[in-house]
Amino acid sequence: MGPQQPGGPLYDIREQAPITFGAGGEDSSVIQMVQRIIEEAVERGSSDIHVEPYGRSSPTVVRLSVDGDCQKCPEIPAPHRNALVQRFKTRAKPHISERRKPQDGKIRFKYSKGVIELRVATIPTANSNEDVVMRILAASKPLPIEKMGFSEDNLSRFKEIL
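Attention here is on the structure that accompanies the text.

Looking at the nonpolar core
Within the largest apolar cluster, 25 residues are counted, with the highest numbers of intra-cluster contacts made by Ile38, Ile49, Phe88, Leu118 and Met134. Those elements that place two or more of their residues in this core are helix 1 (28–43), strand 3 (48–52), strand 4 (61–66), helix 2 (81–92), strand 6 (103–111), strand 7 (114–124) and strand 8 (130–137). If you tally residues by element for this core, the top one is helix 1, at five residues. When sequence neighbours within four positions are dropped, the list of residues in contact with Leu118 reads Ile38, Ile49, Gly105, Lys106, Ile107, Met134, Arg135 and Ile136.

A word on the packing of helix 1 against helix 2
Their axes nearest at 10 Å, the elements helix 1 and helix 2 cross at an angle of 65°. By the angle between their axes, helix 1 is roughly perpendicular relative to helix 2. Crossing handedness for the pair helix 1 and helix 2: right-handed. Note on element contacts: helix 2 touches helix 1 through Ala83, Leu84, Arg87 and Phe88, opposite Val30, Ile31, Val34, Ile37 and Ile38. Class assignment for the residues of the contact of helix 1 with helix 2 results in eight nonpolar, no polar and one charged.

Some thoughts on the pairing of strand 7
Within a regular strand, side chains alternate between the sheet's two faces. One ladder, built from nine bridges, connects strand 6 with strand 7; its direction is antiparallel. In the sheet register, Tyr111 faces strand 7, and the bridge partner there is Gly114. Joining the antiparallel neighbours strand 6 and strand 7 is a turn of two residues.

Procedures and definitions
- What you see as residue numbers is a count from 1 along each chain, following the sequence as written.
- Reporting in this predicted model follows two pLDDT cut-offs: at least 70 for local features of residues, and 80 or more for side-chain atom pairs to be given and counted; totals over whole chains, interfaces and linings ignore these cut-offs and use all residues.
- Neither water nor hydrogens contribute to the side-chain values; these are computed over all heavy atoms in the structure.
- Note on terminology: a nonpolar core comprises buried Ala, Val, Leu, Ile, Met, Phe, Trp, Tyr and Cys residues joined through side-chain atoms within 4.5 Å.
- Throughout this description, buried means an accessible area under 20% of the type-specific maximum (1.4 Å probe, protein chains only), exposed means over 50%, and partly exposed covers the range between.
- Each helix is a run of H or I in the DSSP string that is no shorter than four residues. Each strand is a run of E no shorter than two, and both are numbered from the N terminus.
- Here, two residues are considered to be in contact whenever any of their heavy atoms come within 4.5 Å of each other.
- Axes, fitted as lines to C-alpha atoms, cover a helix only where it is in contact. Angles between the N-to-C directions of the axes lie from 0 to 180 degrees.
- For classification purposes, an angle smaller than 35 degrees is called roughly parallel, one larger than 145 roughly antiparallel, one from 65 to 115 roughly perpendicular, and anything else oblique.
- By convention, the crossing between two helices is left-handed when the near helix turns anticlockwise from the far helix through less than a right angle, and right-handed when the turn is clockwise.
- Polar here means any residue outside two lists: the nonpolar Ala, Val, Leu, Ile, Met, Phe, Trp, Tyr, Cys and Pro, and the charged Asp, Glu, Lys and Arg; Gly therefore counts as polar.
- If DSSP finds at least two bridges between two strands, the strands pair.

Geometric values such as these leave the question of function open.
Here it is, written out as structure tokens:
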């Protein structure tokens, strides 16, 4: 196990095992953390991921929006705030150096259960921070009308209307 991080160790969302970071911040641990955040959001049925840095010395808060309720994930230590935000921006392909204007991009993410797309928006905040908000887009086939939970009567009426 690596050195203790400021504010305590950062834990893997799924396994609750401590994650350590290298001195540069943008290392494989940051890449793995980004992947774990996205995978956890998909597995929880989240519609949005919010990455909220709160200044140079405060940890970065990650929240997942599930059924309209924002659920907090483990915090990212303050020294790794920039690496996390830059990793999301690198994947989404907006201008990396631009931090004063809102930007948009997309991430196509492959993982063990398939492919998902994320619509990424970066929003400048106070003290040269950037919030990152990602909408998880459905990358699967549309749900057949018969599997939407209509009663037999409502399904037949709905089909008539269509």
